[in-house]
Amino acid sequence: SPLGARYLARMVVGALRLGIGDMTMLDSLALAYTGSAKNRPVLERAYNLTSDLGYVGRTLADGGLKRLENAEIIVGKPIRMMSAQRLSTSEEVIEKLGECSAEYKLDGERFQIHKKGEHVEIFSRRMENITRMYPDAVQMMIEQVKADEAIVEGEGVAVDAETGEMKPFQTLMQRRRKYGIEEMMEKLPVAVYLFECLYADGEDLTLRPYTERRRRLGEIVEETERFKLVRAKPISEASQLDDFFEEAITDCTEGLLVKSVADDSIYRAGGRSWLWVKLKASYQSKMVDPVDLVIVGAFYGRGRRAGNYGALLGAVYDPEEDTYRTICKVGTGFTDENLAKIPEMLREHQHEGKHPRVDSLMEAEVWFSPGVVMEVLGDELTLSPIHTAAYGKLRKDSGLAVRFPRFIRWRDDKSPEEATQVTEVVDMYNAQTKTV
DNA sequence: AGTGCCTGCCC
DNA sequence: ATTCTGC
DNA sequence: GCAGAATGGGCAGGCACT
């Protein structure tokens, strides 16, 4: 069968997914080889440093717990990346972190870069080896990092070849390619904004506090316009954080990543801890305008959403043509409770096939006549090849889409004609001024 | 050669 | 990515 | 408080089909 063939092929290339979480594997290994899941933290640390379940299993089987306890960073093996919690106000951040350092949060791709002499490897957030996609980043790493051996992290961002100004995320994604790498490199060079140093010349820095890691980063990097430390500022009170956040937004970044500078502010490999907190404009609902979208279609849910809708197709109103044009699907933000009510709410609007006043390139599984309105929050609007809102108005063959859409609440008080209009989203898009 | 659909990976 | 939920 | 499981837009690339 085709599915069977896929399983076989994946076994051969080592890409078979089993549906067992890595943490469950660690539990099992601990139980199997040490007789108790209590020893899992030892395995976890080794795993976090090497991202290699096979290595953890083999070492444990061959050398026992003792040898695993001595697990170390290996340059060339990706360290599992640390991620951040989210908070919506500077007061909450200060309350949680106290003294901290705030860094610009840029909209690019996270790089973990390993250097051993002249040999460089770049890893993505999910431990993919992406070295070949970014030869320019490799070159800068060789030339600008003075340590013989180093592991650093930063954000790769596409920049304009002439002006050096930062390009949006969508543009950077054109660099994630297998062919035509050199041409794209000329057209869309990357800049790397560094923010972490995990290892330098034999020294594991992951268990050292932030201030020391940042200092070490500064020591080993010789900065250039395209390879430099990300803008950061020491913060001790909420008002300073607010000011710096304003600056970050003015500079067209996503916001701030705020990091604890306490003695215990280690790099928690593989963890999402409160040592790092994300602060984005969209978390403060006052700072980003939500949109009111008309539900024109739906898609069936899977897994725990089976038997219900998994996502709704949202549209804005075009009064000129008296038409509803799609702008995004919405599949998150629903509680189990309000999700359960959706079918009933929409039943009376169900419509055989696409409603004549709906303009959609996307084929919904269930269609509705315009009736129900929902409030949706997003981070920003992007040009879209698949949504029809403002289609052709900003660019040929492109509409607009909401990035990171989430359901906020029903707008029973609004009729479909009172939903957000095409002209409004066009204005919102233009107000984003994507030039850094 | 061109189109459309699906997947995997970024966010 | 965001969000909710169960442990 | 954390991990897991739902879900989003959009890019390149692979493959089937025209």
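Residues numbered from 1 in each chain as written. Chains lettered and ligands numbered in written order. Predicted model: local features only at pLDDT ≥ 70, side-chain atom pairs only at ≥ 80, totals over all residues. Heavy atoms only, no water.

Chemist: Whenever I open this one, helix α5 (residues 90-97) confuses me. Can you help?
Modeler: One turn of the α-helix equals 3.6 residues, which is why residues spaced by three or four share an orientation. Buried within α5 we find S90, V93, I94 and L97. Buried residues of α5, seen end-on, are gathered within an arc of 95° and therefore sit on one face of the element. On its buried face, α5 is in contact with β2 (100-105), β9 (232-235), α10 (238-250), β10 (255-260) and β11 (272-280). A positive phi of about 70° marks G98, the residue just after α5. (Buried < 20%, exposed > 50% of the residue type's maximum accessible area, 1.4 Å probe, protein only. Helix = DSSP H or I, 4+ residues; strand = E, 2+ residues; numbered from the N terminus. Arc of directions from axis to C-beta. Contact = heavy atoms within 4.5 Å.)

Chemist: What am I meant to see in unusual backbone geometry here?
Modeler: The general pattern is negative phi for most residues beyond glycine and trans for most peptide bonds. A positive phi angle, near 60°, is found at C252, a position not held by glycine. Assignment of secondary structure puts C252 in the loop between α10 and β10. Accessibility expressed as a relative area gives 18% for C252, which makes it buried. In this structure, D397 is a non-glycine residue whose phi angle is positive, near 60°. With respect to the helices and strands, the residue D397 is situated in the loop between β19 (380-384) and β20 (399-403).

Chemist: Which parts of the structure should I look at to understand the packing of helix α2 (residues 22-34) against helix α3 (residues 40-50)?
Modeler: For any two helices packed against each other, one specifies the inter-axial angle together with the distance between the axes. Contact geometry of α2 with α3 gives a least axis separation of 9 Å together with a crossing angle of 130°. Between α2 and α3, the angle falls in the class oblique. Judged by the twist between their axes, the crossing of α2 over α3 is right-handed. For the pair α2 and α3, contact is made by D22, M23, L26, D27, L29 and A30 and by R40, L43, E44 and Y47, respectively. Along the lines of polarity and charge, the residues of the contact of α2 with α3 split into six nonpolar, no polar and four charged. (Axes fitted to C-alpha atoms, helices over the stretch in contact; angles between N-to-C directions. Parallel < 35°, antiparallel > 145°, perpendicular 65-115°, else oblique. Left-handed = near helix turned anticlockwise from the far one by under 90°. Nonpolar A, V, L, I, M, F, W, Y, C, P; charged D, E, K, R; others polar.)

Chemist: Explain the sheet that holds β11 here, please?
Modeler: Hydrogen bonding along the main chain pairs the strands of a sheet, whether they run parallel or antiparallel. Across the sheet, which stays open at both edges, the five strands sit in the order β1-β11-β10-β2-β9 with mixed pairing between neighbours. Across the chains shown, the open sheet's two edge strands, defined by having one partner strand only, are β1 (83-86) and β9. Between one strand and the next, the sheet's axes are offset by a mean angle of 35°, whatever the strand orientation. Bridge count between β2 and β9: four bridges; the pairing is antiparallel. (Pairing = 2+ DSSP bridges.)

Chemist: Whenever I open this one, the protein's contact with DNA strand C confuses me. Can you help?
Modeler: Residues in contact with DNA strand C amount to 14 residues; listed here are only the nearest, R86, Y283, T332, D336 and R406. Backbone atoms, meaning sugar and phosphate, form 86% of the atoms of DNA strand C found within 4 Å of the protein. D336 is positioned such that a nitrogen or oxygen atom in its backbone is 2.8 Å from a phosphate oxygen of DNA strand C. In this structure, a phosphate oxygen belonging to DNA strand C sits 2.9 Å away from a side-chain N or O atom of R406. (Near = heavy atom within 4 Å. Polar contact = N/O pair within 3.5 Å; in protein donor to acceptor, adjacent residues only side chain to side chain.)

Chemist: Can you help me understand the environment of P416 in this one?
Modeler: In this structure, P416 sits in the loop between β21 (406-410) and α12 (422-431). Separated by 66 residues in the primary sequence, P416 and Q350 place their C-alpha atoms 15 Å from one another. Non-local contacts of P416, meaning those with residues more than four positions away in its chain, are made with V294, Y317, Y324, P370, G371 and V373.

Chemist: When you look at the nonpolar core in this model, what are you seeing that I'm missing?
Modeler: Nonpolar side chains in soluble globular proteins tend to end up buried together. Counting 30 residues, the largest nonpolar core has L312, I327 and M374 as its most contacted members. The dominant element in this core, judged by the number of residues it contributes, is strand β12 (residues 291-300), at four residues. Discounting residues that sit within four places of it in the chain, M374 has contacts with V291, D292, L293, I295, L312, G314, V330, F407, R409, W410 and R411. M141, V145, A147 and L172 belong to the second-largest nonpolar core, a separate cluster that totals 29 residues. (Core = buried A, V, L, I, M, F, W, Y, C linked by side-chain atoms within 4.5 Å.)

Chemist: What am I meant to see in the pairing of β19 here?
Modeler: Judged by how many residues are buried, β19 sits mostly within the fold: five of five residues are covered. Alignment of β19 against β20, held across five bridges, turns out to be antiparallel. The partner of E380 across the bridge, within β20, is R403.

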